[in-house]
Number of protein chains: 2
Amino acid sequence: MPTIKDVAEKAGVTVTTVSRVLNNRGYISEATRNKVYRVMKELDYQPNELARSLFRGKSNLIGLIIPTVSHPFFGELSAYIEGYAHSKGYKILLCNSQLEREKEIEYIDMLKRHQVDGIIMASHTIEVDEYSKVNLPIVTFDRRIKEKIPYVSSDNYQGGKLATNLLIDKGCKQIAHICGNLSLDLLANKRNEAFVATAQERGIKFHTVQTEINVFETKQYERLILELFSEHPNLDGIFASSDLIAASAIKICYQLKKEIPDEVRIVGYDDTNIASLVTPQITTIRQPIEMMSKLAMELLIKQMNEEKVTVENILPVTLQERETT
Amino acid sequence: MPTIKDVAEKAGVTVTTVSRVLNNRGYISEATRNKVYRVMKELDYQPNELARSLFRGKSNLIGLIIPTVSHPFFGELSAYIEGYAHSKGYKILLCNSQLEREKEIEYIDMLKRHQVDGIIMASHTIEVDEYSKVNLPIVTFDRRIKEKIPYVSSDNYQGGKLATNLLIDKGCKQIAHICGNLSLDLLANKRNEAFVATAQERGIKFHTVQTEINVFETKQYERLILELFSEHPNLDGIFASSDLIAASAIKICYQLKKEIPDEVRIVGYDDTNIASLVTPQITTIRQPIEMMSKLAMELLIKQMNEEKVTVENILPVTLQERETT
DNA sequence: TTGTACGCGTTATCAA
DNA sequence: TTGATAACGCGTACAA
């Protein structure tokens, strides 16, 4: 790879001059400017961003920590985030934590060593204390860390309420919420609060089932749902806290020959692409993933520019009624 | 962020000494070693990888260019690749090309500027010539560029053959292949070659439908499949070149009240997570995504170490029979 | 066992 | 309008 020095020599000028035409700074005669440009083309010169970043104290790198990009929600989130980042001149370092505490910590350290300008954190197994060590702009998804760290989320309580009310309105008498592990300190837990409150308020029998920390094993979902039905054969409504879980529920109902939506109604969450793709199409609570991604990037960039940011950023959810209710 | 200089001063030694304990080079007394370690902890010192990379001429960064991480196949691929990269000390710069030519080129330049040690290329809209400009280790997914660039793929011809034969064996009389755009120079096109050859050989009526370049629009799939059935109402077998397309086919059959697998049989491709998640579960051709990811990383690392690599790396596919046939 | 000095590729300051 | 030089943070000869 040619360096600025090679360009300078070949063009018969000094590196200063080359740097000037590169960055459009100061006065340069048209003649030398053209000569330098020509040599840059000839050599296919690309400025070394490592050296630039080192000098400037800014890398234009952003770390993205998620459980895994193979989960539809995080895959879609990552795609949007990368897109917005790219349009703002930032690059994404991808980190799949698998929801393992050690990995999250290790990744954070790695990102700091690589001088990222900020971190988007959407995996939350580490303790709140760990965040104080990160002296970097952070934006969090779905978790409130402390007063200062801005977080992006959607209205989880409202989502839980919409889902639960819909099931009851449709005539369900005994409902269950299958959600992530409640020991993780996530705003998503508000879905279950809403579920419980709504069911109690309306006098409907209800159950909550938590998945294990490790999110992505669909086999696990299937086992849990199978157990749920064997314990509660009259269950007629399921609020699944992701479209993936909802799809698993559909599968089990099919196995148990329970008609959807006649015998069992199901509401999913997220409205990822699969929700409207599977058969029957999943009634779900839509999170505005694209808006959330955009907002996260904006909040991060504002912090990098030392502008003020609002800490709480909760976007509205909407009910997407389809075929499972 | 504290630098090596800060550590040196606080520990009462020079930067050389700190660098030595950091990299375990040369002789150091236990006393100073411990002192330096202690100061590093106190200051929460993290070595600046930008500076290290600049000095070493090696960034430990790898660029990953895919159409979009929100597509299940590429999401799973990315997750595996990032995992293997991480275990080998490499970090992934994520690039979603959206299958746009300009973006691919732009991303390649960006990656070069950032001094990545190699590129994994799984998005293929650019011309073969463009690759000669990339003087970097590359591994390609599913495309043969020229003699020298190693590529990872699975046995597409065999996959097409397995799928087509299965449909015919099960009794289909008129079949269609819905595949990606054949104008892209991909090894995946061999699936269609196999489809055509097998159908002709066995004397079965067949059709090929290509999607538009822009891969991910499931609405597009649905429209195409709807058109397909309206033109060929007696169609009773579909070979879908991804599980996503297969899911769309299921959806349309459901709309048209065609029973699966009695009236229409469907075979998907990839065996991504959704294949066994949806209802009915998709019979599909399994690509060994995990092995392919691992192999790609290994091939890349070998190139970086200037070891010899085999150019053609084709892994076997397997038929996963499920409920759509 | 530890320190001095230089270079990695770039940009900004100051001089010419 | 252009050039020489220091600095960004780090690692390694070479010297002490």
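Scroll up a little and you will see the structure.
Positions within a chain are numbered from 1, following the residues in the order the chain's sequence is written. Chain A is the first chain written and ligand 1 is the first ligand written, with later ones labelled in order. Owing to the predicted nature of the model, reporting of local features is limited to residues with pLDDT of at least 70; listing and counting of side-chain atom pairs is limited to 80 or more, with chain, interface and lining totals taken over all residues. The side-chain numbers reported here are obtained from all heavy atoms of the structure, hydrogens and water having been left aside.

Undergrad: Could you clarify how one ought to interpret the sheet that holds strand S2 (residues 91–96) of chain A in this entry?
TA: The strands making up a sheet are joined through hydrogen bonds of the backbone, oriented either antiparallel or parallel. In short, DSSP must find at least two bridges between two strands for them to pair. Counting from the N terminus, the helices are DSSP H or I runs at least four residues long and the strands are E runs at least two residues long. In spatial order, the strands read S11(A)-S5(A)-S4(A)-S3(A)-S1(A)-S2(A)-S2(B)-S1(B)-S3(B)-S4(B)-S5(B)-S11(B); together these twelve strands make up an open sheet with mixed pairing. Bordering the open sheet on either side are strand S11 (312–315) of chain A together with strand S11 (312–315) of chain B, each of which pairs with just one other strand. Each adjacent strand pair in this sheet contributes to an overall mean axis angle of 25°, direction not counted. Pairing geometry for strand S1 (residues 61–66) of chain A and S2(A), over six bridges, is parallel. Between N-to-C directions, angles cover 0 to 180 degrees, with each direction set by a line fitted to C-alpha atoms, over the stretch in contact for helices.

Undergrad: Would you mind going over the pattern of salt bridges with me for this structure?
TA: Oppositely charged side chains are able to pair whenever their charged atoms sit close together. All names here are of chain B. Salt-bridge detection follows one rule: a side-chain nitrogen of Lys or Arg within 4 Å of a carboxyl oxygen of Asp or Glu. If you walk through the whole model with that rule in mind, you get 38 salt bridges over all chains. For the salt bridge of Arg143 with Asp185, the shortest nitrogen-to-oxygen distance reads 3.6 Å. Highlighted residues: Arg143 in the loop between strand S4 (138–141) and strand S5 (151–154) and Asp185 in the loop between strand S6 (174–179) and helix H9 (189–201), separated in sequence by 42 residues. Arg143 gets classed as buried once you look at its relative accessible area, which sits at 4%. Between Glu222 and Lys251 there is a salt bridge, with the nearest N and O atoms lying 2.9 Å from each other. Of this pair, Glu222 sits in helix H10 (residues 218–231) while Lys251 is found in helix H11 (residues 243–255), placing the two residues 29 residues apart along the sequence. There is no split in this pair, since Glu222 and Lys251 are both buried. Remark: exposure states derive from per-residue accessible area (1.4 Å probe, protein chains only) relative to the maximum for the residue type, with buried under 20%, exposed over 50%, and partly exposed in between.

Undergrad: For this particular structure, what's the right way to read the sheet that holds strand S10 (residues 283–286) of chain A?
TA: All names here are of chain A. Read from one edge of the open sheet, six strands run S7-S6-S8-S9-S10-S12, paired in mixed fashion. Every other strand in the sheet has two partners, leaving strand S7 (205–210) and strand S12 (318–320) as the edge strands with one partner each. This sheet shows a mean twist of 20° between the axes of neighbouring strands, independent of strand direction. Here, residues are in contact when the closest pair of their heavy atoms is within 4.5 Å. Relative to S7, helix H9 (residues 189–201) is tilted by about 165°, and along the sheet it contacts strand S6 (174–179), S7, strand S8 (237–240) and strand S9 (265–270). Strands S6, S8, S9 and S10 of the sheet are contacted by helix H11 (residues 243–255), whose axis makes an angle of about 155° with S9.

Undergrad: Any chance you could explain the relation of the copies chain A and chain B here in plain terms?
TA: Applying a rotation about an axis and a shift along it to one chain copy brings it onto the other copy. Alignment of the copies relies on least squares applied to C-alpha atoms, considering only residues that score at least 70 for pLDDT in both. Relative to chain B, chain A is turned by 180° and slid 0.1 Å along the rotation axis, the superposed coordinates differing by an RMSD of 0.1 Å. Taken together, the rotation and translation describe the operation of a two-fold axis. The C-alpha atom lying nearest the rotation axis in chain A is that of Leu93(A); the distance is 2.4 Å. When you check the interface residues of chain A against chain B, 100% turn up at the interface there too, and the contact is symmetric in its surfaces.

Undergrad: What should I look at first to understand the interface of chain A and chain B in this one?
TA: Accessible area lost when the parts come together is the quantity often used to give the size of an interface. On the side of chain B, 51 residues touch chain A, which itself brings 51 residues to the contact. Accessible area that two parts lose when put together, evaluated with a 1.4 Å probe and summed over both, is termed the buried area. Between chain A and chain B, the buried area comes to about 5,000 Å², and carbon and sulfur atoms account for 63% of it. Its largest share of buried area at the contact with chain B, chain A owes to Leu50(A), Leu277(A) and Thr279(A), together 14% of the area lost on that side. Remark: the boundary between chain A and chain B carries four salt bridges. With a shortest N-O distance of 3.4 Å, Lys112(B) and Asp44(A) are connected by a salt bridge. Identification of polar contacts relies on pairs of N or O atoms within 3.5 Å, with a donor-acceptor requirement for protein atoms, meaning one able to donate a hydrogen and the other able to accept it, and with residues adjacent in sequence counted only if both atoms are side-chain atoms. Applying the counting rule to chain A against chain B returns 20 residue pairs in polar contact (both at pLDDT 80 or more). Contributing elements (two or more residues each) for the side of chain A that touches chain B: helix H4 (49–56), helix H5 (72–87), S2, helix H6 (101–113) and H11 of chain A. For this classification, the nonpolar set comprises Ala, Val, Leu, Ile, Met, Phe, Trp, Tyr, Cys and Pro, the charged set comprises Asp, Glu, Lys and Arg, and every other residue, Gly included, is treated as polar. For the side of chain A that touches chain B, the class distribution of residues is 22 nonpolar, 17 polar and twelve charged. Note: S2(A) against strand S2 (residues 91–96) of chain B, three bridges, orientation antiparallel. Bridging from a neighbouring strand, Ile92(A) pairs with Leu94(B) of S2(B).

Undergrad: What's the story with the environment of Ser242(B) in this structure? I'm lost.
TA: Residues and elements named next belong to chain B. Here Ser242 is to be found in the loop between strand S8 (237–240) and H11. Assessed through its relative accessible area of 6%, Ser242 is described here as buried. Considering only alpha carbons, one finds Ser242 and Ile285, 43 residues apart in sequence, at a separation of 8.9 Å. A distance of 3.1 Å separates a polar atom in the side chain of Ser242 from the backbone nitrogen of Ile245.

Undergrad: What am I meant to see in the packing of helix H1 (residues 4–11) of chain A against helix H2 (residues 15–23) of chain A here?
TA: Two measures define how a pair of helices packs: the angle their axes make with one another and the distance between the axes. Residues and elements named next belong to chain A. Between H1 and H2, whose axes approach to 8 Å, the crossing angle comes to 105°. Here H1 lies roughly perpendicular to H2, going by the angle between them. For the pair H1 and H2, contact is made by Ile4, Lys5, Val7 and Ala8 and by Val15, Val18 and Ser19, respectively. Grouping the amino acids of the contact of H1 with H2 by side-chain chemistry returns five nonpolar, one polar and one charged. Any angle between 65 and 115 degrees counts as roughly perpendicular, while under 35 counts as roughly parallel, over 145 as roughly antiparallel, and the rest as oblique.

Undergrad: So what exactly am I meant to see when it comes to the environment of Ile66(B) here?
TA: All names here are of chain B. Within the secondary structure, Ile66 is located in strand S1 (residues 61–66). Ile66 sits 32 residues away from Gln98 along the chain, and the two C-alpha atoms are 7.7 Å apart. When sequence neighbours within four positions are dropped, the list of residues in contact with Ile66 reads Phe74, Ser78, Leu94, Cys95, Asn96, Ser97, Gln98, Ala122 and Ser123.

Undergrad: How do you make sense of the protein's contact with DNA strand C when you look at a structure like this?
TA: In the region of DNA strand C, 26 residues are neighbours, and Ile4(A), Tyr45(A), Thr16(B), Thr17(B) and Arg20(B) sit closest. The rule for a residue being near a molecule or strand is that one of its heavy atoms must lie within 4 Å of it. In DNA strand C, atoms within 4 Å of the protein come from the sugar-phosphate backbone in 64% of cases. Within the side chain of Arg25(A), an N or O atom sits 2.9 Å from a phosphate oxygen of DNA strand C. Within the contact set of DNA strand C, a phosphate oxygen lies 2.6 Å away from a side-chain nitrogen or oxygen of Thr17(B). The set of elements that each furnish at least two residues to the surface near DNA strand C consists of H2 and H4 of chain A together with helix H2 (15–23) and helix H4 (49–56) of chain B. It is H2(A) that provides the largest number of residues to the surface near DNA strand C, a total of five residues. Here the residues of the surface near DNA strand C sort into eleven nonpolar, ten polar and five charged.

Undergrad: Could you clarify how one ought to interpret the packing of H2(B) against helix H3 (residues 30–43) of chain B in this entry?
TA: Residues and elements named next belong to chain B. Axis separation between H2 and H3 bottoms out at 10 Å; the angle between their running directions is 90°. Comparing their axes, H3 and H2 come out roughly perpendicular. Between H2 and H3, the contacting residues are Val18, Val21 and Leu22 on the first element and Arg33, Val36, Tyr37 and Met40 on the second. Residues of the contact of H2 with H3, tallied by class, amount to six nonpolar, no polar and one charged.

Undergrad: Sorry if this is basic, but what is going on with the packing of aromatic side chains here?
TA: Given two aromatic rings, their pairing is described by the distance between the two centres and the angle made by the two planes. All names here are of chain A. Each Phe, Tyr or Trp ring (for Trp, its six-membered ring) is paired with any other whose centre lies within 6.5 Å, and the angle between the two planes then decides the class: stacked below 30 degrees, edge-to-face above 60, tilted in between. Scanning the entire structure with this criterion turns up eight aromatic pairs over all chains. Judged by centre distance (5.9 Å) and plane angle (90°), the ring pair of Phe195 and Phe206 falls under edge-to-face. On the criterion of sequence distance, the pair formed by Phe195 in helix H9 and Phe206 in strand S7 is long-range, its members being eleven residues apart. With relative accessibility at 0%, the residue Phe195 sits in the buried group. A relative accessible area of 26% places Phe206 in the partly exposed class. Here the basic side chain of Arg191 rests over the ring of Tyr269, its NZ or CZ set 3.6 Å away from the ring centre. We call a charge positioned over a ring when the NZ of a Lys or the CZ of an Arg lies within 6 Å of the ring centre and within 35 degrees of the ring normal.

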